[in-house]
Amino acid sequence: MISPYPFLEELSLNNNREWFASRRAEYEAVRTQWIAGLQRLIDAMASTYEPSFARLNARDCLYRINRNLRFSKDKTPYKTYFSALISPRGRHYDKACYYVHLGLEESGLYAGLWCPEPAVLRKVRKAIVDNIEEFEDIITNPDLEKNFPGWIGRRLKTIPQGWPKDHPQAELLRLQEYGKFHAVDRSFFERDDWPERAAALFAPTKALNDFLNYSIDEDL
């Protein structure tokens, strides 16, 4: 197996189009391996707990390595990481999903809801409060707590408007994103069995994603 990190390390030191063009064959070899691993991850999830992924193609989940430079002061043309958003519709999805990130500064597995619209966030908060016992059963799953501890993402300093300051679910209501993260070291993605290991790690986040997406889709 080709480790993706040496290529990314060299790219971080030579982040220009001329160098990238000269190393195109190496990039394509690493990318091909990344895509194959993602497909194995998707297939493992589909066969065990995400049947909606049965016909999902890894290429539809990939993010490009090219950076969007339009509104960035940093004009380096390439990302120094590989990433993919896994959902029933690939990377084009605005509900709870799975995300895989392989980078120099951080590598890991993400699940949950990111950057929801205000109306969606209001629905989710109401669903959590109205179904707090079900939600707490989900987030206190021992495997989830062990491998995806706490919450990551934006949060308010105070409870949102419309809710009493002493609300028993104040900490959950302050969240603006309902994200979970499992950090991995470099050796994780250098193992031949990383896709199957990732699928097993993601498994306890399935119930959280389902709860969030049901709440988003439910009519008021």
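Whatever comes next refers back to the structure up there.
Residues numbered from 1 in each chain as written. Predicted model: local features only at pLDDT ≥ 70, side-chain atom pairs only at ≥ 80, totals over all residues. Heavy atoms only, no water.

**Q** Before we move on, could you go through the pattern of salt bridges and cite the residues and values that matter?
**A** Evaluation of the coordinates by the stated rule reveals 13 salt bridges. Notably, a salt bridge pairs E10 with R23, separated by 2.9 Å at the nearest N-O pair. In this pair, E10 is assigned in helix 1 (residues 5-13) and R23 in the loop between helix 2 (17-22) and helix 3 (24-48), connecting sequence segments 13 residues apart. Judged by its relative accessible area of 31%, E10 falls in the partly exposed class. Between E196 and R40 there is a salt bridge; the shortest N-O distance is 2.6 Å. With E196 in helix 9 (residues 194-202) and R40 in helix 3, this pair connects stretches of sequence that are 156 residues apart. On the basis of relative accessibility, which here comes to 35%, the residue E196 falls in the partly exposed class. (Salt bridge = Lys/Arg side-chain N within 4 Å of Asp/Glu carboxyl O. Helix = DSSP H or I, 4+ residues; strand = E, 2+ residues; numbered from the N terminus. Buried < 20%, exposed > 50% of the residue type's maximum accessible area, 1.4 Å probe, protein only.)

**Q** Can you tell me about the environment of L102, naming the residues and giving the values?
**A** Tracing the sequence through the fold places L102 in strand 2 (residues 97-103). Considering only alpha carbons, one finds L102 and W114, 12 residues apart in sequence, at a separation of 19 Å. In contact with L102, other than residues within four places in its own chain, are P4, Y5, L8, W34, Y81, F82, S107 and F189. (Contact = heavy atoms within 4.5 Å.)

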